[in-house]
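Residues per chain, in single letters:
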Amino acid sequence: MRYDMGRHRISRRTKLTTGAIGLVLAVGAVVVNATAGDPAPASADGADKSLFVDILTVAPNVKKPTPQRKASKGTFTVDCGRNENGHFNPDNFIAQPGVRNGAQHLHDYVGNLSTNADSNNRSLARAGTTCKNGDKSTYFWPVLRINTEEAEPAENPPAEEQKAQRKQAQAADQQAKAEPRVDCPDVASQLPDEIPEPAQAAVETELGNLDGQLDAAEQKVQGGEDPAAVLEPLKGERAAAIDRMANAIDAEADKPQNLAELAPCGVKDQNNPGVANGDENSDNAQAEGTEQEAKQPQPEENDNNELEGNEGEIQRPEKVDLTFRGSPVTRVTAMPRFLRILYGDAKVTTNGPKNARDSWTCSGFEDRVLMNKYPICPEGSKVVRLHDFPSCWDGKNIDSANHRDHIVFPDQNGRCARGFRAVPQLRITLTYNVPRAVQVAGQYAVDSFPEEEHNPLSDHDDFANVMSQRIMWRLVNCVNRNKICQE
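Each value, and the rule that gives it
- Residues numbered from 1 in each chain as written.
- Predicted model: local features only at pLDDT ≥ 70, side-chain atom pairs only at ≥ 80, totals over all residues.
- Heavy atoms only, no water.
- Helix = DSSP H or I, 4+ residues; strand = E, 2+ residues; numbered from the N terminus.
- Buried < 20%, exposed > 50% of the residue type's maximum accessible area, 1.4 Å probe, protein only.
- Contact = heavy atoms within 4.5 Å.
- 1 Å grid on protein atoms, 1.4 Å probe; cavity = no way out; pocket = protein on both sides within 12 Å on 5 of 7 lines; lining within 4 Å.
- Points joined across faces, edges and corners; volume = space filled by probe spheres on them.
- Nonpolar A, V, L, I, M, F, W, Y, C, P; charged D, E, K, R; others polar.
- Disulfide = S-S within 2.5 Å.
- Lys, Arg positive; Asp, Glu negative; His and termini not counted.
- Salt bridge = Lys/Arg side-chain N within 4 Å of Asp/Glu carboxyl O.
- Polar contact = N/O pair within 3.5 Å; in protein donor to acceptor, adjacent residues only side chain to side chain.
- Pairing = 2+ DSSP bridges.
- Axes fitted to C-alpha atoms, helices over the stretch in contact; angles between N-to-C directions.
- pLDDT = per-residue confidence, 0-100.
- Expected span 1.5 Å × (residues − 1).

Things to note about the overall build of the protein chain
- Regarding its fold elements, the protein chain presents nine helices and 21 strands.
- Counting every position in the protein chain, which comprises 487 residues, the buried fraction comes to 55%.
- Put simply, 81% of the contacts in the protein chain that link residues at least 6 apart link residues at least 24 apart.

Structure follows, in structure tokens:
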């Protein structure tokens, strides 16, 4: 089965129009020059070529903040593959929890193997992963398709396979929701930003012990043991591990305060979800309108994994790069487990361009990034989607009602607003081998909601952190110590 490159055949033509572009131009987005002449008008039998621009006509526009003395300059790259296992679905458990086909466009997944509309903290924590280092985080974005004028069917993965996988995952999700879950405060995100070198190994070891203690306690509770009989010894084990960690730091620097308060844990079940700080999973903190949307019939994928308005051959990225970076201003703090982060806005026509981001460029031209145009790259250069996630966390919540207020972008100088702290910034780089003739003809586009009509400004990305505390600590330690790490 081939659906990442090759003949680029499709069964129907995607109709791209400029309906959403006027909004973008009105707010002064990146100014670009057309390749030649006036933009081609929208037509029923091809893509609107005004959505495409020669990258060579775009002036460099990327400005990087000047690194300060305490900047964290390291990087931590996770190898999670490029969706070789064919994990696709039109769900979004963060923005539209429980709404199957709620995205109305197909998502491409790496990392967590179970992600679908019904995913929750329990199911994500139990699932397998494509990441080589065991990171169970979920990373997903809308697929890119090629839509040529040939009439032969696209070679997409059969939708039946995806629906069967999703049905199996959803059954596991529902079972997970019904079972109790041991809930413990996150320790890694409460540690000091700077840990002395001699204490590094002890901190990593004890965070690993905390991960293991939690897993063992949850197995006992789910196996039917009395929660009270499990939680009391767990509290003692955690207190001892936290104390060893604090003493190791105290031997070289100031002892962290209030860590002992993180030792007690609780048990949550389906009748006690806990939503205030997302302790259970924020699936109940839905975006406005989600409940109403859930009642509406959602479009199903056809047998060729196409949805209404989203047709053509799916392009698997030639390369998926998942890299966490530091702050140009300060050290970074660990992300809490189950933190949700959105990049961009899938409904920019409805919501306006406030949350839209510059996403599109070409390999070798990353100093010029487009917001509202698809790039036409020179020979030898490839189409790139560049997604830099927000990285200033409020220090308390793993989610918020609009899925944005709890984690925001730094200012143009790289500083977080008062009350927010810097966490590692995730950059997802997706590189595609789109033939140049297809680019020039305006025959590739990102999947979108129908009303977006494939507006490149609607490009978006989603991430939920399901790393163990030990992996997250390795990430933070690497970034803060200015190392280049790959796992």
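Observations regarding empty space enclosed by the protein
- Applying the stated criterion across every chain, the model contains one cavity of 30 Å³ or more.
- In this model, the largest cavity occupies a volume close to 40 Å³.
- In this structure, the largest cavity is lined by Ala-188, Leu-191, Pro-192, Asp-193, Val-332, Thr-333, Ala-334, Trp-473 and Val-476.
- Among the residues making up the lining of the largest cavity, the classes are represented as seven nonpolar, one polar and one charged.

Focus on the state of the cysteines
- Counting across every chain of the model gives five disulfides.
- At a sulfur-sulfur separation of 2.1 Å, the disulfide partner of Cys-392 is Cys-416. What sets the handedness of the Cys-392 and Cys-416 disulfide is the S-S torsion sign, and at about -85° it is left-handed. With Cys-392 in strand E15 (residues 392-393) and Cys-416 in the loop between strand E16 (407-408) and strand E17 (421-422), this residue pair connects regions lying 24 residues apart in the sequence.
- Classification of Cys-416 as partly exposed rests on a relative accessible area of 24%.
- Along the protein chain, the cysteines that take part in disulfide bonds pair up as 1-2, 3-4, 5-6, 7-8, 9-10, counted in sequence order.

What about the side chain of Asp-211?
- Tracing the backbone through its elements, the reader meets Asp-211 in helix H4 (residues 200-222).
- Look at Asp-211: it is buried, it has no salt bridge, and the nearest opposite charge is Arg-337 at 6.0 Å.
- Only 3.0 Å separates the side chain of Asp-211 from the backbone nitrogen of Arg-470, close enough to count as a polar contact.
- In contact with Asp-211, other than residues within four places in its own chain, are Ser-468, Gln-469 and Arg-470.

Comments concerning the sheet that holds strand E21 (residues 484-486)
- If you trace the six strands from one edge of the open sheet to the other, you get E12-E14-E18-E10-E2-E21, paired in mixed fashion. The sheet is open, and its two borders are formed by strand E12 (360-362) and E21, each paired with just one other strand. Within this sheet the neighbouring strands show an average axis-to-axis angle of 25°, counted without direction.
- In terms of strand pairing, strand E10 (residues 319-325) meets strand E18 (residues 425-432) through seven bridges, oriented antiparallel.

Topic: the confidence of the model for the protein chain
- Per-residue confidence for the protein chain gives a mean pLDDT of 84, with 83% of residues at or over 70.
- Under a pLDDT of 50 for its full length, residues 1-47 has, in the predicted model, 128 contacts with residues more than four places off or in other chains.
- Segment residues 272-294: pLDDT under 50, and 53 contacts once partners within four positions in sequence are set aside and those in other chains are kept.

Points about the pairing of E18
- Along E18, seven of the eight residues are buried, which leaves the element largely enclosed by surrounding structure.
- Sheet topology places strand E14 (residues 383-388) next to E18; six bridges connect them, and they run antiparallel. Counted as the bridge partner of Val-384 is Thr-431 from E18.

Some thoughts on helix H9 (residues 469-480)
- For H9, which comprises 12 residues, the first-to-last C-alpha distance of 16 Å matches the rise-based estimate of 16 Å (1.5 Å per residue) to within 8%.
- Of all the 12 residues making up H9, 10 are buried; the element is thus mostly covered by neighbouring parts of the structure.
- Those residues of H9 lying buried are Gln-469, Ile-471, Met-472, Trp-473, Leu-475, Val-476, Asn-477, Cys-478, Val-479 and Asn-480.
- Where H9 is buried, its residues touch strand E2 (75-78), H4, E10 and E21.
- Directly beyond the C-terminal end of H9, a positive phi value near 60° is found at Asn-482.

So, the environment of Arg-325
- Inspection of the secondary structure puts Arg-325 in strand E10.
- Classification of Arg-325 by relative accessible area gives partly exposed; the value is 24%.
- The spatial distance from the C-alpha of Arg-325 to the C-alpha of Asp-388 is 9.7 Å, given a sequence separation of 63 residues.
- If sequence neighbours within four positions are ignored, Arg-325 has contacts with Gly-74, Thr-75, Asp-388, Pro-424, Gln-425, Arg-427 and Val-479.
- Engagement of the side chain of Arg-325 in a polar contact is seen with the side chain of Gln-425, the distance being 2.7 Å.

What to know about the environment of Gln-165
- Take Gln-165: it is sitting in helix H3 (residues 159-178).
- Residue Gln-165 is classed as partly exposed on the basis of its relative accessible area, which comes to 35%.
- Taking the C-alpha atoms as reference, Gln-165 lies 9.5 Å from Leu-113; in sequence the two are 52 residues apart.
- In this structure Gln-165 touches Asn-85, Gly-86 and His-87, once residues within four positions along its chain are discounted.

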